[in-house]
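Residue-level structural notes
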Amino acid sequence: MKVVILAGGGGSRLFPLSRTNFPKQFLKLGGEMSLLAQTVGRFLPLVKPSDIIIVTNIEYLHHVKAETSACGAADAHILLEPVGRNTAPAIALAARYCMDELGSGDEEALLVTPSDHIISPSQSFLATVSTALGLVDLGKIVTFGIVPDKPETGYGYIQAGGPCGDGFVVDSFREKPDRATAEEYLQAGNYYWNSGMFAFTIGHLRQAFLDCQPEIAALMNNPFAEVLERFAAMPDISFDYAVAEKSRHVVTIPLTAYWNDIGSWDAIYEVLDKDSSENAVRGDCLAIDCSKTLLLGQNRLLAAIGLEDLLVVETDDVILVAQKGQSQKVKELVTELKLRQRREVHEHTTTFRPWGSYTVLGEGPGYKIKKIVVTPGQQLSLQLHYHRSEHWIVIGGTAKVTIGETEQMVHDNESVFVPPSTKHRLENPGRVPLEIIEVQNGKYLEEDDIVRFDDIYGRK
């Protein structure tokens, strides 16, 4: 079996903690490992790291590498989508990759899962996966249905029909319901939350695409390199719409383990530990006479008095305050911010790069101040800027600096000046993180004023 983890999504419903450049699968919520690392680790008792394929995009490549290394799965395969095309094309691309690059045949099983769910205990989940493989061998497309414990309006539902082995034939998939309909589903007893996880053999997947999505099937029949090259021609469609809702071979297996797709701040509140007043508190927070409230602080003291049933999330550039039960509307908020072309939608003040990170400390007309952290052994590209100069002040570690034809070592409390239109590079040759304060001066200070001449990470 191969495990395909889909890790290309943006996670807008967890704004402001999740941003386009750092979406929710890389967040560490309720644990020391990111959601992606937890997902990878969940399958390591079942498959080798080399049997795991993570589908993502080039912007997240260094994040994925860091997370797979953190959970002991550095040998996992990372498959980069040329463009975003939803889950059906992503699954088709992953299947073709398994066939051409990993030697998988039509009989090999694929288990497809999102990268940002919490499932506990893992043993119960893996036991359900083993049960699912028996149905997969019979030619079924298996989906994992979550046994509902409340009338949830934020999930799609699976309507189960008659028995099929250890599962049930799927009668229909239902969109997210209103409250009254969700209560009807809960009372009926044969409706499950749609987890978005599927299992099937490569051969039966190919047949399902042929039956339900001939356009994807035709593209998928080409060699992997050609599928990758023509990936943009794939229809932008989810696997649910493309196959699951149309195929006559879909069955569902109930998953009784705890499951949460971390799709809203209400879901975050649910998974975090609570105090005696049912407050979920993280960070430097002080709560007086508050109850049933989420307080999540990141960078400063978060003080609250007399709050009830509220969600308060603080970052260094955004504070979100929402009524519990209304957090699904955060997606609408993000849409409005995009229309207003707000930077906060896409990036934090701290931006991660393959070599480390930088944090914007302050900016104004003609200047920007950053704190730059370079990981041991890493280096920035050899580059130049046309419209700005840079002053670098080392506050920790040792820097190897190239400016024009000159190369020098710069230590604590020392500084260098980089003139405009001059090739330069910053490296960390040491064993501790290199920290510098960078002061930019110029009439144009955006990140696209950069010309790269040499880059070990393959960026243009």
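As shown above, the structure is provided for reference.
All of these numbers come straight from a predicted model, not from anything done at the bench.

Under the criterion given, the structure shown has 23 salt bridges. Note that aspartate 317 is salt-bridged to arginine 19, the shortest N-O span being 2.9 Å. Taken together, the positions of aspartate 317 in the loop between strand E16 (310-314) and strand E17 (319-323) and arginine 19 in the loop between strand E1 (2-6) and helix H1 (35-43) put the pair 298 residues apart, joining distant regions of the chain. Here aspartate 317 falls in the partly exposed class, since its relative accessible area comes to 22%. When the shortest N-O distance is used, the salt bridge between arginine 343 and glutamate 344 registers 3.8 Å. For arginine 343, a relative accessible area of 32% translates into the label partly exposed. In this structure glutamate 344 comes out as buried when scored by relative accessible area, which is 12%. Linked through salt bridges whose partners overlap, the residues forming this network are Arg19, Asp317, Arg342, Arg343 and Glu344.

The next thing to look at is the pairing of strand E8 (residues 167-174). Pairing geometry for strand E7 (residues 157-164) and E8, over six bridges, is antiparallel. Paired with isoleucine 158 across the strands is phenylalanine 173, a residue of E8. Hairpin connection between E7 and E8: a loop of two residues separates the two successive antiparallel strands, and glycine 165 in this loop has a positive phi of roughly 60°. Note: E8 against strand E10 (residues 250-255), two bridges, orientation antiparallel. The partner of phenylalanine 168 across the bridge, within E10, is threonine 252.

As a further point, take the packing of helix H3 (residues 87-101) against helix H6 (residues 202-212). For the pair H3 and H6, interaxial distance at closest approach is 11 Å and the crossing angle is 140°. Between H3 and H6, the crossing angle belongs to the class labelled oblique. In the packing of H3 onto H6, the handedness of the crossing is left-handed. Two secondary-structure elements touch here, H3 through Ala88, Ile91, Ala92, Ala95, Cys98 and Met99 and H6 through Ile202, Leu205, Arg206 and Phe209. Each residue belonging to the contact of H3 with H6 can be placed in one class, and the counts come to nine nonpolar, no polar and one charged.

A few words now on helix H11 (residues 330-339). If you check which residues of H11 are buried, you get Val330, Val334 and Leu337. Down the axis of H11, the buried set is contained in an arc of 60°. They therefore lie on one face. Opposite the buried face of H11, by more than 90 degrees, sit the exposed residues Glu332 and Leu339. One or two steps after H11, the chain reaches glutamine 341, where phi turns positive at roughly 55°.

Okay, the sheet that holds E16 next. The strand order E12-E14-E16-E17 describes an open sheet built from four strands, whose pairing is mixed. This sheet does not close on itself; its edge strands, each paired only once, are strand E12 (280-282) and E17. Averaged over neighbouring strand pairs, the angle between their axes works out to 5° when direction is ignored. Relative to strand E14 (residues 294-296), E12 is paired through three bridges, and the arrangement is parallel.

Moving on, we come to the layout of surface pockets. It is a probe the size of a water molecule, rolled over the atoms, that shows where empty space is left. Empty space within the second largest pocket amounts to approximately 970 Å³. Taken together, 41 residues make up the lining of the second largest pocket; nearest its centre are His62, Arg353, Pro354, Arg452 and Arg459. Looking at the lining of the second largest pocket, the elements with two or more residues in it are helix H2 (61-70), strand E18 (350-353), strand E20 (367-374), strand E22 (388-396), strand E26 (424-427) and strand E27 (434-442). Top element by residues in the lining of the second largest pocket is H2. It accounts for five residues. Along the lines of polarity and charge, the residues of the lining of the second largest pocket split into 15 nonpolar, twelve polar and 14 charged.

Cut-offs used in this document
Residues numbered from 1 in each chain as written. Predicted model: local features only at pLDDT ≥ 70, side-chain atom pairs only at ≥ 80, totals over all residues. Heavy atoms only, no water. Salt bridge = Lys/Arg side-chain N within 4 Å of Asp/Glu carboxyl O. Helix = DSSP H or I, 4+ residues; strand = E, 2+ residues; numbered from the N terminus. Buried < 20%, exposed > 50% of the residue type's maximum accessible area, 1.4 Å probe, protein only. Pairing = 2+ DSSP bridges. Axes fitted to C-alpha atoms, helices over the stretch in contact; angles between N-to-C directions. Parallel < 35°, antiparallel > 145°, perpendicular 65-115°, else oblique. Left-handed = near helix turned anticlockwise from the far one by under 90°. Contact = heavy atoms within 4.5 Å. Nonpolar A, V, L, I, M, F, W, Y, C, P; charged D, E, K, R; others polar. Arc of directions from axis to C-beta. 1 Å grid on protein atoms, 1.4 Å probe; cavity = no way out; pocket = protein on both sides within 12 Å on 5 of 7 lines; lining within 4 Å. Points joined across faces, edges and corners; volume = space filled by probe spheres on them.

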